[in-house]
Each structure stands twice: as C-alpha cells, then as structure tokens.
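Structure assessment
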There are 2 protein chains.
Amino acid sequence: VAGLRRADAEALDAADPLAAFRERFVDADEDARYLDGNSLGRLPVATRARLREAVEAWGEQLVGGWEAWIDAPTRIGNELAEGVLGAGPGEVLVGDSTTVNLYKLCAAVLDAEGPRRLVTDRGNFPTDRYVLEGLAAARGLELRLVERPEDLGSALDAPALAVLSHVAYRSGALADLPGLSALARERGARVVWDLSHSAGAVPVDLRAAGAELAVGCTYKYLNGGPGAPAFLYVARELQAALRSPIWGWFAQADQFRMERDYEPVDGIGRFGAGTPPILALAAVQEGVRITAQAGMAAIRAKSVALTELIVALHDAWLAPLGFALGSPREPERRGSHVAVRHPEAWSICRALIERAKVVPDFRGPDSIRLGVAPLYTRFTDVWDALDRLRALVERGEHRLVAPGASRVT
Amino acid sequence: VAGLRRADAEALDAADPLAAFRERFVDADEDARYLDGNSLGRLPVATRARLREAVEAWGEQLVGGWEAWIDAPTRIGNELAEGVLGAGPGEVLVGDSTTVNLYKLCAAVLDAEGPRRLVTDRGNFPTDRYVLEGLAAARGLELRLVERPEDLGSALDAPALAVLSHVAYRSGALADLPGLSALARERGARVVWDLSHSAGAVPVDLRAAGAELAVGCTYKYLNGGPGAPAFLYVARELQAALRSPIWGWFAQADQFRMERDYEPVDGIGRFGAGTPPILALAAVQEGVRITAQAGMAAIRAKSVALTELIVALHDAWLAPLGFALGSPREPERRGSHVAVRHPEAWSICRALIERAKVVPDFRGPDSIRLGVAPLYTRFTDVWDALDRLRALVERGEHRLVAPGASRVT
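Notes on the structure in this doc start here. (Residues numbered from 1 in each chain as written. Chains lettered and ligands numbered in written order. Predicted model: local features only at pLDDT ≥ 70, side-chain atom pairs only at ≥ 80, totals over all residues. Heavy atoms only, no water.)

**Remarks on the overall build of chain A**
Each helix and strand in chain A was counted, giving 13 helices and 13 strands. Whereas a compact globule of 409 residues would reach a radius of gyration of roughly 22 Å, chain A reaches 22 Å, a difference of no more than 12%. Projecting the C-alpha coordinates of chain A onto the three principal axes gives extents of approximately 70 × 55 × 40 Å. Here chain A holds 409 residues, and 65% of them are scored as buried. When contacts within chain A are restricted to residue pairs at least 6 apart in sequence, those whose partners lie at least 24 apart make up 72%. A total accessible area of about 13500 Å² is found for chain A, and carbon and sulfur atoms account for 51% of it. (Helix = DSSP H or I, 4+ residues; strand = E, 2+ residues; numbered from the N terminus. Rg over C-alpha atoms; globule rule 2.2 N^0.38 Å. Buried < 20%, exposed > 50% of the residue type's maximum accessible area, 1.4 Å probe, protein only. Contact = heavy atoms within 4.5 Å. Areas by Shrake-Rupley, 256 points an atom, 1.4 Å probe, with all protein chains shown as cover.)

Below, the structure is given as structure tokens:
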C-alpha cells in the first residue's frame, strides 16, 4: 500500500494503466464521488450511440431486423464468455433477469436429477434465497442454510443443489470458486454460482474452475444499464441433460415451423424462453465490450489496489471513529467492494449522499458498502470519498439527516 | 365497404379521424407498405427522445434513479390497464416476457388450486402450447387440445386451466372473451388469456368481460420495440390467493430489509421477479401512451374498416388468382389482421418483400398475414399492398424467388 496522502493517490492515478478507460464513461457531476458501481454501473459514452443505432434499426428495418437480432442472446453471450467469464463459445446466454435465470437452472437440475437438498449460505443475496425457498416449498425439499459458502461441505451428507455467490453482496467476501466446485463435484452435488457481484470485477474463469452452472447480472460491473438483461452459463457437457422448466418458443428447434411439439434446440439456446429484448441487449453488448477490452487481469489488479487503499484508509481514519472492517482483510479473499460497519451506518450513508456528494450504499444492519469499478474509479475518488466520510463523522453531520428507510438497491 | 378504386381508399384516409397519428411514427421508406405491425410495431417518434432521456437519467442519477424507477412496472401497468386493457389500477404489471409471465400465472393457479387438466386450442401460438406442455410434463397433468377456443366447453368435464388467445395468431379469429370467461367460471375452470395479438388493436375490457388472468406482449400493436417487456394481469379478487412460482426480490414486501424470509407484497407486485428493465420500460410507456391517446374505440373502428377493405379486395382481386380467405369473414369475429391462403404462400410472401416492398408475413403452411395497425396504417397502404400483390401473382413473379425457409417472427 502506498502512503495515505492525497498526493499518493494522485500518483497511483497517474500510473494507472486503465486510466484512459475513465473517459469512456459519462461523469455528470465531477464533484461527486460514486462508489456504488457494484449496484449500478456508469453509462458508457459509446452506449448512447449504440442505443440510438438500435432504435433506428428498429425504425428502419422493422420486422426485417430480426434476421440480425435473433442470435443476439448467444452472440453477446459468446463475447461475455470469452472476454469476461472464461467460458467457451455456446456456454453463455444473455436474457431474462438473474432471478428468472436462477430459477430456470435450479429447476432444470431438480427436474433432470430428482429431489435434492437445497443449500445456500445465510448471507446470500435475497433473491437467491427466495428462489430456493420457493422451490423448496413447491417441491417439498429441505432448504439448508450454512453460515458461509465455505461451510458448504457440512451440507453435503445428502445429494444437494447449492446456490452460492462468488462475491458476497454485503461483505464482498470472495468465495473459492474452484475449490468449492471441486468439493461439490466430488460429493455429487451441483452448484449454481451467482456471479452478479463478480462478473466484470473479478476474473471468474468458469471453465478453469470447473464450474458447471452460473447466473449473473450485467447492470453492475458490466455497465449494461438499470435492470439490464442477465446471463446464464451451463457447461457444455451438462447442456443436453438439462431442460429449462419454462418451455418457450425461443428455445424451440426450428422455431418458425410452428406446428410441432416442443423440442428444445441443442446447446445453450435451450435455456431461452420468450422474445429477447433487443434494445436492452445492445446496451449490454457495449458494456461487455469495454470490459473485455480492458481485460480482466488488469481490472482485477486495479480493483485490488483500490480496495487495499480503502482498507488502509479505514484503518487510519475510520477505525478510530468507531468503524469496523466488514470485509476480508486479505485481498485474495475480497471482491471489488469493501464494507465498513458502524452502528449509525444508515444515517452516515444518507448524510454522505445528501451532504457530501459521496455515493456508497447501505446494507442492513450496519454496513456501508464502498464499491470500486476499476474502469472508472480513480484512486483519488477513493481518497476523497473516505476523506469526506471521515470529516462528516468527525463533525457529527450524520446526526442531522432525517430518519427514514433506504429503499434503493 | 366503400368502392375498390384507389380514390375510394384516398377518401377513407381523408376522412380518418386517426390520420394525424401516423405522423407520430417513423416511416423510413415511404414507398414500402408495411402490413406486419401485428408482428413488430413501428417506432414512435417520441420514443427516440424518451429513450435518450432514460439513458441520460441513468448516466446522471446513477443508483439514485431507482427512487423514480422502482415503481415503473406498476405505474406503466396502470396506464396500460386504464388506457388499453379495461383493467383497474393495481391489476397489471409490466415486465419479463410473455412466455415467462404465462408460466408464472399458470404455475400460480396449479400451486394454489391443485392439479388441473390443462387445455388450449391446437392452433394457439407455439409458446403458449409449449408452456403448457412443459407444465404437463413436469406435473404429470393431462394436456387437452381442442380444435378452436370456442370448443373449450368440451374439455371442461374435469377441473381445468385453459390458455386461450384473444386473437388467433394465424387466422386473426377473435375469441369470445366474455362468453368463454363466463363459461369457464360457471364450470369452475380458470382461463389465462393471451392478449398478444389484441392488446392495442381490439378493445379488451378485461374487467367488463369477467376475465381473471391474462398476459400479453407490447411489441406488436403497442409499439414498444423488438422484444419489449410483456405484461400480466391478475384480477384484484384473485391476487391474494396466488403466488408466482418464481420467488424474487422485486416481489418481496419491504424489499430492502433483506434479512427476512420471502413474503410477497400485497397486490400485483407479487408477480414480479427480478430487477425491472428500466430503459425498455420507457419505450413501452411511450407506446402505451400513444395508444391510450387515440382510444381503443377509435382504433377498433378503423381496424374493422381496414380489414373489411382487405376482405373486399381479396374477394375482388385475389380469389380469382387462387387465394382463399383464412380469416373470419364477419368483422366482429376478427382481430386486426387478415390471413389470405394460397398454396404458394411462402414464395409469394418472399417475393412481396423482395420485389414489391410489401411487408406481410408468412405463417405455415399456407397463410400470408396482412396486419393493419390503425395508428399508422392507411387505407391506401392496404390498397397499394393488395394491388402489388395481385400484380405480382398475375405476373408469376413469386416463382422467381430463391427457395428457403422463413425464419423471422
């Protein structure tokens, strides 16, 4: 870790090999310090033109546009697979929401392989838990909650289907994807990985890790826009054995011969359902491309350096003010955000947004998440944000905000 | 029906109370005659600016934008309910695809009410049949195919869940929504209506018709763009008894108190799942608004007049060339497209697109669909399209196109 003066942060920015990428994103308020790209990523400048083109293609080509559009979910899936996820061609499909995709893959495993114990960790993202709760209720299955992903082994005394997040949404803890995948395989369990908080921020290397199934979102580190279509991954070897529970016409072989019974296409397309959202997919493609151009190795290196700076500034400035680190201290066990905990976290978070133009987010009961997106977060952004945070708490300004409840993701 | 000269069509255009709406849609090729708005609607001019605004809101407000975005699925659902579907506030939700929404509602009924016979008509849209095939396979239920929606009664000798299209995608036949809803209620059956080919083209009046459940798409007559988010409708009285099979965080009560078990919100929001697609929803809202401004009564009146003109021109010009009408002759039994049948329909359709700048679409085995969208289709468009069709077949030009298969919706 470098020194803790602003000049040290400026030096890191000056030496940043990804510095030029920052200009490829819209920054509407240069005085703001946005540390919530882990919730909603910034708008890439190129996405403006890309969406204009997609809209005009609709206007000009009308139904004829489908010749080019129809493969978009697999075509963009391939770019995501190769440039970001370490998956092979034909293993990733873009479309639907993370929730729907998670449901599809979990139900597909249960339909193909029979009843299994459902497993997740208590701190997993709500929608992941809810999907499993719903499947457990509908099918009379046990849902076992372990404390942390690394406790998975304790739940594998019966055939299991686990849903684990690669990066934990609250703490930023990075799970051992290859190790837990190997453990699951050895014990005959299936794991669906949720990559929402790692895709585009942490190298995933799905194939190298031996991961079989995954889902994830594109509106965080992949900068696809609010509520952008999600993705799913099914390892090639598993595809033929699985079927989506939602039988839809965009998964049908020879789709436009409409008279036949359902027979899903070979390959990843069989996990599609309805008509794909073409405008939204154009924005996803742009976000994926900019990420792939930067390269996951460079992104990870900068991400680690940025979160190390947060940890160092926390230790120096925040710990004396009553904060505690809510994320792993070892960078190899951390994703691209750092949680700092404080009993007054909610009001501190509100005050940061309202009074200091610093945008983190709050996660109950007591965490402030500080997310860094290496494509556009500067070291000086981190330094300034924590400097403003320290000053705000020192002055007690967080006690001036109106009470209320955070409602925003 | 007026006379069959082009001057008669021009007179109808001159007297058209909806004529001004045409200018509110992009027409990139004034020489083309687009009769496929029943597959993909045109781009509203205002949608360009609307999408630009939505993109800039993302860029400027970043995560803070969610304060305004979070209610979009219900807010736009309310506009659609009031202006287009004849449903009440809090009965329509926009999001996901038609396929996913149909799956959600069918599974919700089966989960709440136990096993039922599944029923649809043999000619229903593929994805509707596939969803039911999938549910039948997963739950060991009988899937009964009746010949036509009006044969529903023959399948009601056991408790049933039927999926019926309000307007049949191939023939354009308009089902008796109030009558079949009443019959189903009387016999203890549930019907999920697919409004994809009627929403925005035919008055639906869900509440007046006593319909309980419905889904539909927004990229046809509602002009929401290719693959735009779909909608679902659940009558208020039924909502509390039903749960989506896909338990997701956007259906959760007090969503951002993330530690709790799943407990769906009261009301239509409980049928949501993942994060809603904000950019795509902005385009849907614009399409819904323009439709609501025109009013469904005026849209229906013009639609009937347009399809009557197609029928009259078919009888005068096409029947002598070997065509047969593939749609009901009585306008009250017809939606907003007319199918004309011919043994060489596929090559005629290709030739129309490639050589005559007329865009209908082909539906196997032998139908050419001619769709009219009253917001932008002129009587002269219909006249010109059928004139070019007649001339093309008279000259045998359809025999000059390369063989192949249509692949586009």
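**A look at the nonpolar core**
By size, the foremost hydrophobic cluster in this structure holds 170 residues, and its most contacted members are Leu 85, Trp 193 and Leu 195 of chain A together with Leu 85, Trp 193 and Leu 195 of chain B. Sequence-distant contacts of Leu 85 of chain B, that is, excluding residues within four places in its chain, are made with Leu 80, Val 92, Leu 195, Ala 199, Val 204, Asp 205, Leu 206 and Phe 231 of chain B. The next biggest cluster of nonpolar side chains, apart from the first, holds 58 residues, and it includes Ala 107 of chain A together with Leu 102, Tyr 103 and Ile 268 of chain B. (Core = buried A, V, L, I, M, F, W, Y, C linked by side-chain atoms within 4.5 Å.)

**Focus on the interface of chain B and chain A**
By a widespread convention, an interface's size corresponds to the accessible area lost as its parts come together. The interface is formed by 73 residues belonging to chain B together with 73 residues belonging to chain A. Taking both partners together, chain B and chain A bury about 6700 Å²; carbon and sulfur atoms supply 67% of that area. With a shortest N-O distance of 2.7 Å, Arg 48 of chain A and Glu 56 of chain B are connected by a salt bridge. Taken together, the links from chain B to chain A amount to 21 residue pairs in polar contact (both at pLDDT 80 or more). Of all the secondary structure elements, the ones that give two or more residues to the side of chain B that touches chain A are helix H2 (45-61), helix H3 (66-69), helix H5 (98-113), helix H6 (126-139) and helix H10 (278-294) of chain B. For the side of chain B that touches chain A, the residue count by class is 38 nonpolar, 19 polar and 16 charged. (Buried area = accessible area lost by both parts, 1.4 Å probe. Salt bridge = Lys/Arg side-chain N within 4 Å of Asp/Glu carboxyl O. Polar contact = N/O pair within 3.5 Å; in protein donor to acceptor, adjacent residues only side chain to side chain. Nonpolar A, V, L, I, M, F, W, Y, C, P; charged D, E, K, R; others polar.)

**Describing the sheet that holds strand S10 (residues 337-341) of chain A**
All names here are of chain A. Here 4 strands make up an open sheet; going across it, the order is S9-S10-S13-S12 and the pairing antiparallel. At either end of the open sheet lies a strand with only one pairing partner, and these are strand S9 (324-325) and strand S12 (361-363). As judged from the 3 bridges shared by S12 and strand S13 (residues 367-371), these two strands associate in the antiparallel manner. The residue of S13 that forms the bridge with Phe 362 is Ile 368. Contacting S9, S10 and S13, helix H11 (residues 296-318) runs over the sheet at an angle of about 15 degrees to S10. (Pairing = 2+ DSSP bridges. Axes fitted to C-alpha atoms, helices over the stretch in contact; angles between N-to-C directions.)

**Some points on unusual backbone geometry**
Residues and elements named next belong to chain A. Cis geometry marks the peptide bond from Gly 364 to Pro 365; its omega dihedral reads 0 degrees. Relative to the helices and strands, Pro 365 resides in the loop between S12 and S13. Although it is not a glycine, Asp 205 sits at a positive phi angle of roughly 50 degrees. Note that Asp 205 resides in the loop between strand S6 (190-194) and helix H8 (206-209). On the basis of relative accessibility, which here comes to 41%, the residue Asp 205 falls in the partly exposed class.

**Examining the environment of Gly 188 of chain B**
Relative to the helices and strands, Gly 188 of chain B is located in the loop between helix H7 (177-186) and strand S6 (190-194). Measuring from C-alpha to C-alpha, the distance between Gly 188 of chain B and Gly 65 of chain B comes to 45 Å, with 123 residues separating the pair along the chain.

**A word on the relation of the copies chain B and chain A**
When chain B is fitted onto chain A, the two copies agree to an RMSD of 0.0 Å after a turn of 180 degrees and an axial shift of 0.0 Å. With respect to symmetry, the two chain copies, as superposed, fit the operation of a two-fold axis. Mapped onto chain A, 100% of the interface residues of chain B are again interface residues, and the two copies thus contact each other with one and the same surface. (Least-squares fit on C-alpha atoms with pLDDT ≥ 70 in both.)

**Some remarks on the packing of helix H11 (residues 296-318) of chain B against helix H13 (residues 379-394) of chain B**
Residue and element names in this part refer to chain B. At their nearest, the axes of H11 and H13 sit 10 Å apart, and the two run at 20 degrees to each other. Our classification of the angle between H11 and H13 gives roughly parallel. Considering only the axes of H11 and H13, their crossing is right-handed. Counting all contacts with H11, which are made through Lys 302, Ala 305, Leu 306, Leu 309, Ile 310, Leu 313, His 314, Trp 317 and Leu 318, the residues of H13 involved are Phe 379, Val 382, Trp 383, Leu 386, Asp 387, Leu 389 and Arg 390. Along the lines of polarity and charge, the residues of the contact of H11 with H13 split into 12 nonpolar, 1 polar and 3 charged. (Parallel < 35°, antiparallel > 145°, perpendicular 65-115°, else oblique. Left-handed = near helix turned anticlockwise from the far one by under 90°.)

**Overview of the sheet that holds strand S7 (residues 213-216) of chain A**
Whenever strands of a sheet pair, they do so through backbone hydrogen bonds, lying parallel or antiparallel. Residues and elements named next belong to chain A. The strand order S2-S8-S7-S6-S5-S3-S4 describes an open sheet built from 7 strands, whose pairing is mixed. The two strands at the open ends of the sheet, each matched to only one other strand, are strand S2 (92-94) and strand S4 (143-146). On average, adjacent strands in this sheet sit at an angle of 20 degrees to one another, irrespective of strand direction. Along the sheet, helix H4 (residues 72-85) makes contact with S2 and strand S8 (231-234), crossing S2 at roughly 125 degrees.

By themselves, these figures tell us nothing about what the structure is for.
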